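Below are the chains, spelled out letter by letter.
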Amino acid sequence: SCSRDQMIIDAGQRHFGAVGCKSCGMIYTAGSPEDEAQHIQHHERFLEALRYVGWKKERVVAEFWDGKIVLILPADPKYAVKKAEDVREIVDNELGFQQVALSCPAKTKTYLFVSNEKTIVGCLVAESIKQAFRVLAEPVVAAQSPGQDPLQQHRAWRCSTRPEPAVCGVSRIWVLGLARRKGVARRMVDVVRSTFMYGSYLSTEEIAFSDPTPDGKLFATRYCGT
Ligand code: ACO
Ligand code: ZN
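Residues numbered from 1 in each chain as written. Chains lettered and ligands numbered in written order. Predicted model: local features only at pLDDT ≥ 70, side-chain atom pairs only at ≥ 80, totals over all residues. Heavy atoms only, no water.

This brings us to the site of ligand 1. In the vicinity of ligand 1 lie 22 residues, with Ile173, Val175, Arg181, Thr213 and Arg222 positioned nearest. Within the backbone of Lys182, an N or O atom sits 3.3 Å from an oxygen atom of ligand 1. For ligand 1, the protein covers 83% of the area, taking 970 Å² as the surface of the free molecule. Within the residue set of the shell around ligand 1, elements represented by two or more residues are β9 (168-175), α5 (184-195) and α6 (214-224). It is β9 that provides the largest number of residues to the shell around ligand 1, a total of six residues. A class-by-class count of the residues in the shell around ligand 1 yields ten nonpolar, five polar and seven charged. (Near = heavy atom within 4 Å. Polar contact = N/O pair within 3.5 Å; in protein donor to acceptor, adjacent residues only side chain to side chain. Areas by Shrake-Rupley, 256 points an atom, 1.4 Å probe, with all protein chains shown as cover. Helix = DSSP H or I, 4+ residues; strand = E, 2+ residues; numbered from the N terminus. Nonpolar A, V, L, I, M, F, W, Y, C, P; charged D, E, K, R; others polar.)

The next thing to look at is the state of the cysteines. For the structure shown, the criterion picks out zero disulfides. No disulfide involves Cys224; its nearest neighbouring cysteine sulfur is the one of Cys168, lying 11 Å away. (Disulfide = S-S within 2.5 Å.)

Let's shift gears to the confidence of the model for the chain. In low-pLDDT segments, the atomic positions of the prediction should not be examined closely. Mean pLDDT for the chain: 84, with 80% of residues reaching 70 or above. Segment residues 5-13 is flagged for pLDDT under 50; beyond a separation of four residues in sequence, or across chains, it makes zero contacts in the model. This prediction of the complex comes with two scores: 0.84 for pTM and 0.98 for ipTM. (pLDDT = per-residue confidence, 0-100. Contact = heavy atoms within 4.5 Å.)

Take the environment of Ile90 next. Within the secondary structure, Ile90 sits in helix α3 (residues 78-95). For the pair Ile90 and Ile207, spaced 117 residues apart in the sequence, the C-alpha separation amounts to 24 Å. Non-local contacts of Ile90, meaning those with residues more than four positions away in its chain, are made with Phe46, Ala49 and Leu50.

Let's shift gears to the environment of Gly20. Along the polypeptide, Gly20 turns up in strand β1 (residues 17-20). The sequence separation of Gly20 and Ala30 amounts to ten residues, and the corresponding C-alpha distance is 9.3 Å. Discounting chain neighbours no more than four positions away, the residues touching Gly20 are Met26 and Ile27.

As a further point, take the coordination of the zinc ion (ligand 2). Protein coordination of the zinc ion (ligand 2) is provided by Cys21 (SG), Cys24 (SG), His39 (NE2) and His43 (ND1), with donor distances spanning 1.9 to 2.3 Å. With four donor atoms in place around the zinc ion (ligand 2) and angles of 102 to 116° between them, the coordination shape is tetrahedral. Positions of the donor residues of the zinc ion (ligand 2), expressed as sequence spacing, correspond to C-x2-C-x14-H-x3-H. Of the two residues, Cys24 sits in the loop between β1 and β2 (27-30) while His39 sits in helix α2 (residues 33-50), which places them 15 residues apart along the sequence. (Donors = N, O, S within 2.8 Å, 3.2 Å for Na, K, Ca; no water. Tetrahedral: all angles 85-135°; square planar, octahedral: opposite > 155°, others 65-115°.)

Moving on: the packing of α2 against α3. At a closest axis distance of 9 Å, the pairing of α2 and α3 adopts a crossing angle of 135°. By the angle class used here, α2 and α3 are oblique. Two packed elements cross with a definite hand, and for α2 against α3 that hand is left-handed. Between α2 and α3, the residues in contact are His42, Arg45, Phe46, Glu48, Ala49 and Leu50 and Lys83, Asp86, Val87, Glu89, Ile90, Asn93 and Glu94, respectively. Per-class residue counts for the contact of α2 with α3 are five nonpolar, two polar and six charged. (Axes fitted to C-alpha atoms, helices over the stretch in contact; angles between N-to-C directions. Parallel < 35°, antiparallel > 145°, perpendicular 65-115°, else oblique. Left-handed = near helix turned anticlockwise from the far one by under 90°.)

Here we come to α2. Between its terminal C-alpha atoms α2 stretches 26 Å, which fits the 26 Å expected from 18 residues at 1.5 Å a residue. Taken together, the buried positions of α2 are His39, His43, Phe46, Ala49 and Leu50. All buried residues of α2 lie within an arc of 135° about the axis, which places them on one face of the element. For α2, exposure combined with an orientation more than 90 degrees from the buried face picks out Pro33, Glu34, Gln41, Glu44 and Arg45. Contacts made by the buried residues of α2 are with β2, α3, β6 (120-128) and β9. (Expected span 1.5 Å × (residues − 1). Buried < 20%, exposed > 50% of the residue type's maximum accessible area, 1.4 Å probe, protein only. Arc of directions from axis to C-beta.)

Here it is, written out as structure tokens:
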């Protein structure tokens, strides 16, 4: 009958089509066995990399009611460095970086925000730098050319041509989708400012965000109060 057909169509619409997973971020076709299998595989790898069991000599640099920030340095034990690398891989994947090498691995500091549920919900990779180019307030309105990646257009920020002295470069900052807008990124940058250089508190001018995404730029301009 007619009403029965209608019912089948409605059920189909609920189970087929592109869906985005709210926790691992993967977009896949629900109803396609290959896609669903691939999603389950990605989902489990993702959550496994973000699971934080911890270790005895972990370097806790800040504690909050909803979690803590752990700092990992290049000379730390293998398991700690491996954890930092696994998380960085996830972050690079989400930022669309393809195997971007660290400019100086020996000077890289990785800050992980670990929730009370033992999940890594934030990651910040900081590197020593000497100078940076200031991102100017208004982006250049790139000429609309068909087929151009809209993200690349948004990334065409105007930069000053004169380098300014800086101390710390934030090469990656990332917060888990479900944990955004709760001050996780802000607290990670606060902690970088007080712990990056021993004995001094860095000003916002001494911190530079490299190649910011639209999200990254909204956060950085708000954080730096520009
Ligand atoms: N839109 C508008 N304002 C924002 C946004 C946004 N998406 N994100 C942050 N802000 C501003 C707000 O004013 C916010 O305060 P409010 O929530 O009280 O209004 C303030 O910045 C502080 O934000 P946090 O809560 O500390 O930021 P959050 O923990 O959500 O993390 C981040 C921000 C890291 C940019 C997150 O959105 C993210 O991981 N995005 C995807 C990855 C990404 O693009 N990272 C930046 C790459 S650039 C680089 O790595 C150098
Ligand atoms: Zn998922």
